[in-house]
Amino acid sequence: MPSPVDTAVQNYLTALSEGNYSGACALLDRRTRKSLVRSTGSRTSCATAFTRCLPNNAQSAKRDQSQLAFATVQVIVDGSKAHANVSGTAVARAIRRVTLARQRGRWKLTSYGKALRACRLGGRPHRTQS
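Notes on the structure follow.

About the cut-offs
Each residue is numbered by its place in its chain's sequence as written, counting from 1. Selection of residues for local features in this predicted model requires a pLDDT of at least 70, selection of side-chain atom pairs for listing and counting requires 80 or more, and totals for whole chains, interfaces and linings are taken over all residues. Excluded from the side-chain calculations are hydrogens and water; all other atoms, namely the structure's heavy atoms, are used. Take the buried Ala, Val, Leu, Ile, Met, Phe, Trp, Tyr and Cys residues and link them wherever side-chain atoms come within 4.5 Å; each set so joined is a nonpolar core. Partly exposed residues are those whose accessible area sits between 20% and 50% of the maximum for their type, while under 20% is buried and over 50% is exposed, using a 1.4 Å probe and protein chains only. Only DSSP runs of H or I with at least four residues qualify as helices, and only runs of E with at least two residues qualify as strands; both kinds are numbered from the N terminus onward. Pairs of residues are marked as contacts when any of their non-hydrogen atoms sit within 4.5 Å. Working definition: a disulfide is two cysteine sulfur atoms within 2.5 Å of each other. At least two bridges found by DSSP between two strands is the condition for calling them paired.

To continue, consider the nonpolar core. In terms of nonpolar packing, the biggest core is built from 35 residues, with Y12, L13, L16, F50, I95 and L100 touching the most fellow members. The set of elements that each furnish at least two residues to this core consists of α1 (4–18), α2 (21–26), α4 (46–53), β2 (81–87), α5 (90–95), β3 (97–103), β4 (106–109) and α6 (114–120). Examining the composition of this core, we find that seven residues originate from one element, α1, more than from any other. Setting aside chain neighbours within four positions, we find I95 in contact with Y12, L13, L16, L54, V86, Y112, G113, K114 and L116.

Below, the discussion takes up the state of the cysteines. Here a disulfide denotes a covalent bond joining the sulfur atom of one cysteine to the sulfur atom of another. Across all of its chains, the model carries one disulfide by this definition. With a sulfur-sulfur separation of 2.1 Å, C25 is cross-linked through a disulfide to C46. Taking the torsion about the sulfur-sulfur bond, which here is approximately -100°, the covalent link between C25 and C46 counts as left-handed. With a gap of 21 residues between them, C25 in helix α2 and C46 in helix α4 connect regions that are remote in the sequence. The residues C25 and C46 share a single accessibility class, namely buried.

Summarising the sheet, β2 and β3 pair through five bridges and their orientation is antiparallel. Residue pairing across strands places N85 opposite R97, the latter belonging to β3. Of the pairings in the sheet, the one linking β3 to β4 comprises four bridges and is antiparallel in character. When the bridges of β4 are listed, A101 appears paired with K108.

With glycine set apart, most residues show a phi of negative sign, and most peptide bonds adopt trans. Despite not being glycine, R96 shows a phi value in the positive range, around 65°. Among the structural elements, R96 can be located in the loop between α5 and β3. In this structure, R104 is a non-glycine residue whose phi angle is positive, near 55°. On the basis of relative accessible area, R104 is assigned to the exposed category, the value being 87%.

Its place among the elements puts T89 in the loop between β2 and α5. Look at T89 and you get buried, because its relative accessible area is 4%. Residues T89 and A71, spaced 18 residues apart in sequence, show a C-alpha to C-alpha distance of 5.4 Å.

Dropping the structure here:
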């Protein structure tokens, strides 16, 4: 049975893969959500930030749900903090690593992944064709 941390990370990957960016935003802690929005340099929503920054090829699970079964999540928990390395699917390869913290009994993501950090660092949204 997956741990609550594994479940939080899998839910995040699934939400991103399906284009459910509002659902992905709900899995981020408040500070991280605000940071993502602020990093786009415009007044936008968290979901719009994902749309602008996540490569199109990372969203292929919308078309092929079987991909979701092949994401690999490796979690290391240290008390109320954790980090997870992810691989296997297009979205997992785009995200690569996330951090989490237990807040009020639930695991929330405290980072959003490599593809989004690259966008945050002033890189242009990198839309690639699948």
